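Topology and contacts: notes
Given next are the chains, with one letter for each unit.
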There are 2 protein chains.
Amino acid sequence: MSDDAPSPIRPTDDDARALARGLIADARFGALAVVHPDTGLPHVTRVAIGTDARGVPVTLVSDLSLHTRALRAEPRACVLLGEPGPRGDPLTHPRLSLDVRAEVVPRGAGHDVLRERWLAQHPKAKLYVDFADFWFVLLRPEGAALNGGFGRAFVLGPDDLRQG
Amino acid sequence: MSDDAPSPIRPTDDDARALARGLIADARFGALAVVHPDTGLPHVTRVAIGTDARGVPVTLVSDLSLHTRALRAEPRACVLLGEPGPRGDPLTHPRLSLDVRAEVVPRGAGHDVLRERWLAQHPKAKLYVDFADFWFVLLRPEGAALNGGFGRAFVLGPDDLRQG
């Protein structure tokens, strides 16, 4: 990038905040980028996504998966939310690159509340949600890059992302 | 993960190789995870994906995008290919976490060949393919994790991924 290139980032407005919050609230899966624990390089996998009662994104992962081991070693990760529909240009569909800090939820009351909500959002997860190697992980937003379509880029902070 | 957990990785077979190669050949977009040049943390964005004449994955990116700056600083990245359809459980849909080394293609004969092929694969890109800040980037496969659906995981090397 040349030093005199115009910034492609627009000032954050309420429309951008609403779009970002909607992408989080509606996500049912996403692409989770973690630091590979063996190489230190990025590793990206598909994970299921839901939300807790406050709208914080949540995933359900197995200890058999590399991304779980990665998050336990380095909880700072990034998840891409906002999946294109079957029609149209995928690059004009809004998406959010959400920087998160992962927090593995131990078994107990917090787990049980997440489990009930998760099964309402992901009914098929009843097949494996109670396996001993599966854990809910809160993905606490720390910031985001929102791409609302070609030429519509925004940088958002944690307050912009909090569900109202 | 406990030390005596069974490995979830299956032996690579021809079906796994064919599935992985098909996911690369059919991809039109994917989730690209790079090292954020300012923080060193993972950053994941949606990018368009095509292939060159040998089947090597290619993307077309702008110097105004963070991922382009990131790839110029650290070319080792990971791209998630294999998008779920509109129906069914997204986590049973096959997907490939492809470790790549990015190679930015300078303007010239190589660029022109890629441009022609890209426009056949992505007709709408004619609106911006010739902007001065756009570059083709080869994403040379170095290895991959293939998830063929719940409980069907494979680890593949570069030879497994080469189009026949």
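Above this note sits the structure.
This report concerns the structure included in the present document. (Residues numbered from 1 in each chain as written. Chains lettered and ligands numbered in written order. Predicted model: local features only at pLDDT ≥ 70, side-chain atom pairs only at ≥ 80, totals over all residues. Heavy atoms only, no water.)

1. Let's talk about helix H3 (residues 109–121) of chain A
Residue and element names in this part refer to chain A. Compared with an ideal rise of 1.5 Å per residue, which puts 13 residues at 18 Å, H3 spans 19 Å between its outermost C-alpha atoms and is within 8% of the ideal. Within the sequence span of H3, burial applies to His111, Leu114, Trp118 and Gln121. One side of H3 holds all its buried residues, which, seen down the axis, span an arc of 85 degrees. What points out from H3, more than 90 degrees from its buried face, is the exposed set Ala109, Val113, Glu116 and Ala120. Residues of H3 that are buried sit in contact with strand S2 (42–48), strand S3 (50–51), strand S4 (57–62) and strand S7 (134–147). (Helix = DSSP H or I, 4+ residues; strand = E, 2+ residues; numbered from the N terminus. Expected span 1.5 Å × (residues − 1). Buried < 20%, exposed > 50% of the residue type's maximum accessible area, 1.4 Å probe, protein only. Arc of directions from axis to C-beta. Contact = heavy atoms within 4.5 Å.)

2. Here's the deal with the environment of B:Arg21
Residues and elements named next belong to chain B. You can see Arg21 is positioned in helix H1 (residues 14–26). When sequence neighbours within four positions are dropped, the list of residues in contact with Arg21 reads Asp159, Asp160, Leu161, Arg162 and Gln163. In this structure the side chain of Arg21 is engaged in a polar contact, spanning 3.3 Å, whose partner is the backbone oxygen of Asp159. (Polar contact = N/O pair within 3.5 Å; in protein donor to acceptor, adjacent residues only side chain to side chain.)

3. Some remarks on the side chain of B:Arg95
Residue position: B:Arg95 is located in strand S6 (residues 95–104). Looking at B:Arg95, its side chain comes within polar contact range of the main-chain oxygen of B:Leu91, at 2.8 Å.

4. A word on the relation of the copies chain B and chain A
Least-squares fitting of chain B to chain A yields an RMSD of 0.0 Å, with the transformation described by 0.0 Å of translation along the axis and a rotation of 180 degrees. The transformation just described matches what one would write down for a two-fold rotation axis. A shared binding surface is used by both copies, with 100% of the interface residues of chain B retained as interface residues in chain A. (Least-squares fit on C-alpha atoms with pLDDT ≥ 70 in both.)

5. Digging into the interface of chain B and chain A
Contacts between chain B and chain A engage 41 residues on the former and 41 residues on the latter. Across the interface of chain B and chain A, roughly 3500 Å² is buried in total on both sides, 71% from carbon and sulfur atoms. Linking chain B with chain A are two salt bridges, by the criterion used here. For the pair chain B and chain A, the interface holds four residue pairs in polar contact (both at pLDDT 80 or more). Counting residues per element, the ones that place at least two in the side of chain B that touches chain A are strand S1 (29–35), strand S2 (42–48), strand S5 (76–81), S6 and strand S7 (134–147) of chain B. Class assignment of the residues belonging to the side of chain B that touches chain A gives a composition of 26 nonpolar, six polar and nine charged. (Buried area = accessible area lost by both parts, 1.4 Å probe. Salt bridge = Lys/Arg side-chain N within 4 Å of Asp/Glu carboxyl O. Nonpolar A, V, L, I, M, F, W, Y, C, P; charged D, E, K, R; others polar.)

6. A look at the pairing of S7(A)
All names here are of chain A. Sheet topology note: the S4/S7 ladder contains five bridges and is antiparallel. In the sheet register, Val61 faces S7, and the bridge partner there is Trp135. Of the strand pairs in this sheet, strand S6 (residues 95–104) and S7 are connected by 10 bridges, and their pairing is antiparallel. Across the sheet, residue Leu96 finds its bridge partner in S7, namely Leu146. Note: S7 against strand S8 (residues 153–156), four bridges, orientation antiparallel. Within S8, the position partnered with Ala144 by the bridge is Leu156. Between S7 and S8, which follow one another and run antiparallel, lie five residues, and Gly149 among them has a positive phi close to 120 degrees. (Pairing = 2+ DSSP bridges.)

7. Here's the deal with the packing of aromatic side chains
All names here are of chain A. Summed over all chains, the structure comprises six aromatic pairs over all chains. Ring geometry for Tyr128 versus Phe134: centroids 5.2 Å apart, planes at 40 degrees, classification tilted. As far as burial versus exposure is concerned, Tyr128 and Phe134 are alike and both buried. Following the ring pairs from residue to residue traces out a cluster consisting of Tyr128, Phe131 and Phe134. Against the face of Trp135 rests Arg72, its NZ or CZ located 5.5 Å from the ring centre. (Phe/Tyr/Trp six-rings, centres within 6.5 Å; stacked < 30°, edge-to-face > 60°. Lys NZ or Arg CZ within 6 Å of the ring centre and 35° of its normal.)

8. Re the pattern of salt bridges
Under the defined criterion, the tally for this structure stands at 20 salt bridges over all chains. One salt bridge connects A:Glu83 with B:Arg46, and the closest N-O pair in it is separated by 3.7 Å. One end of the pair, A:Glu83, is in the loop between strand S5 (76–81) and S6; the other, B:Arg46, is in strand S2, on a second chain. A relative accessible area of 4% places B:Arg46 in the buried class. Ionic pairing is found between B:Arg140 and B:Glu103, a salt bridge with its closest N-O pair at 2.7 Å.

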